[in-house]
Amino acid sequence: PPLSTHKHHNNPPPPSPHADTTQQGQGQMHREHKGTPTVMTDEMAQQFATTFNVDKKVLLDYQTKGYTMRDFHQAALIASAGNKSFTDVMNAKTATNSWKDVMDSFSITNEQLQQAAQGFMSKQISTMLQIDESTVSGLLKDGYQPTDIVMASVLSKQASKTIPDVLNLKKINNTWKD
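Residues numbered from 1 in each chain as written. Predicted model: local features only at pLDDT ≥ 70, side-chain atom pairs only at ≥ 80, totals over all residues. Heavy atoms only, no water.

Regarding the side chain of serine 126
On the secondary structure map, serine 126 appears in helix α6 (residues 110-129). A distance of 3.1 Å separates a polar side-chain atom of serine 126 from the backbone oxygen of lysine 123. Apart from the residues lying within four places of it in its own chain, the contact partners of serine 126 are Ile131, Asp132, Glu133 and Val136. (Helix = DSSP H or I, 4+ residues; strand = E, 2+ residues; numbered from the N terminus. Polar contact = N/O pair within 3.5 Å; in protein donor to acceptor, adjacent residues only side chain to side chain. Contact = heavy atoms within 4.5 Å.)

Structure representation (structure tokens):
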């Protein structure tokens, strides 16, 4: 169970991470998904802040209001897709609307959201593998899965081949070990 940070015994405990909450207003409003961390560590906040170009203190402030990592991911993608600030998007989310409603209020399509997600994925993979982001982006657009790009990158360096050359060796009936 999560540790309570409440100092007074008369404060209610925080909501269960897997329960629907029905409070009105902002925060404390979303159903958590199993496996979603209920508390964002300082390291997680820093990594998210770096990846999505959001102030870490802003994230931690929203977390104290009941927002979750899932909320932060949704808001960051919507902000990127709509060229809006993270704070503007977070402030548009209430207990009575959905993330789809927030997207609609900023006139953001599913395609724009997918492009934003792919952009962040390209950035993360290229940083992790120290390869050109446009290469990763092109491979993702070609339909390659992130895992395949990572494996092909590692093998390409060992085999002195290009990533596309390694990917061409991977077929549906063989494994990366083959």
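Further notes follow.
Re the environment of serine 153
With respect to the element layout, serine 153 can be found in helix α8 (residues 146-159). For the pair serine 153 and glutamine 130, spaced 23 residues apart in sequence, the C-alpha separation works out to 9.6 Å. Discounting chain neighbours no more than four positions away, the residues touching serine 153 are Leu129, Ile131 and Ile163.

A look at the environment of glutamine 46
Its location among the elements puts glutamine 46 in helix α1 (residues 42-52). Counting along the chain gives 13 residues from glutamine 46 to leucine 59, while the straight-line C-alpha distance between them is 9.2 Å.

Quick notes on the nonpolar core
Grouped together as the largest cluster of nonpolar side chains are 27 residues, with contacts concentrated most on Phe48, Leu59, Phe72, Ile78, Phe86 and Met90. Put simply, the parts of the chain that give this core at least two residues each are α1, α2 (56-64), α3 (69-82), α4 (86-92), α5 (99-105) and α6. With eight residues, α3 is the largest single contributor of residues to this core. (Core = buried A, V, L, I, M, F, W, Y, C linked by side-chain atoms within 4.5 Å. Buried < 20%, exposed > 50% of the residue type's maximum accessible area, 1.4 Å probe, protein only.)

Some remarks on the packing of aromatic side chains
Tallied over the full model, the rule gives six aromatic pairs. Ring geometry for phenylalanine 48 and phenylalanine 72: centres 6.1 Å apart, planes at 55°, overall tilted. Linking phenylalanine 48 in helix α1 with phenylalanine 72 in helix α3, this pair joins segments that are 24 residues apart in sequence. Taken individually, phenylalanine 48 and phenylalanine 72 each receive the classification buried, so the pair is uniform in this respect. With a centroid separation of 5.4 Å and 90° between ring planes, the pair formed by tyrosine 62 and tyrosine 67 is classed as edge-to-face. Each member of the pair, tyrosine 62 as well as tyrosine 67, is classed as buried. Aromatic rings pair up to connect Phe48, Phe52, Tyr62, Tyr67, Phe72, Phe86 and Phe120 into one cluster. (Phe/Tyr/Trp six-rings, centres within 6.5 Å; stacked < 30°, edge-to-face > 60°.)

Comments concerning the packing of α1 against α2
Following both chains from N to C, one finds α1 and α2 inclined at 125°, their axes separated by 9 Å at the closest point. When the axis of α1 is compared with that of α2, the two are oblique. For α1 against α2, the interelement crossing comes out right-handed. When α1 is examined against α2, the residues Asp42, Ala45, Gln46, Phe48 and Ala49 are found in contact with a partner set consisting of Lys56, Leu59 and Leu60. Across the contact of α1 with α2, the residue classes break down as five nonpolar, one polar and two charged. (Axes fitted to C-alpha atoms, helices over the stretch in contact; angles between N-to-C directions. Parallel < 35°, antiparallel > 145°, perpendicular 65-115°, else oblique. Left-handed = near helix turned anticlockwise from the far one by under 90°. Nonpolar A, V, L, I, M, F, W, Y, C, P; charged D, E, K, R; others polar.)

Considerations on the pattern of salt bridges
In the structure shown here, the tally under the stated rule is three salt bridges. Between aspartate 42 and lysine 56 there is a salt bridge; the shortest N-O distance is 2.9 Å. Highlighted residues: aspartate 42 in helix α1 and lysine 56 in helix α2, separated in sequence by 14 residues. Of the residues examined, aspartate 42 reaches a relative accessible area of 46% and is grouped as partly exposed. A salt bridge links lysine 100 to aspartate 104; the shortest N-O distance between them is 3.2 Å. Pair noted here: lysine 100 and aspartate 104 are both in helix α5, with a separation of four residues, about one helical turn. (Salt bridge = Lys/Arg side-chain N within 4 Å of Asp/Glu carboxyl O.)

As far as function goes, none of this settles anything; it's purely spatial.
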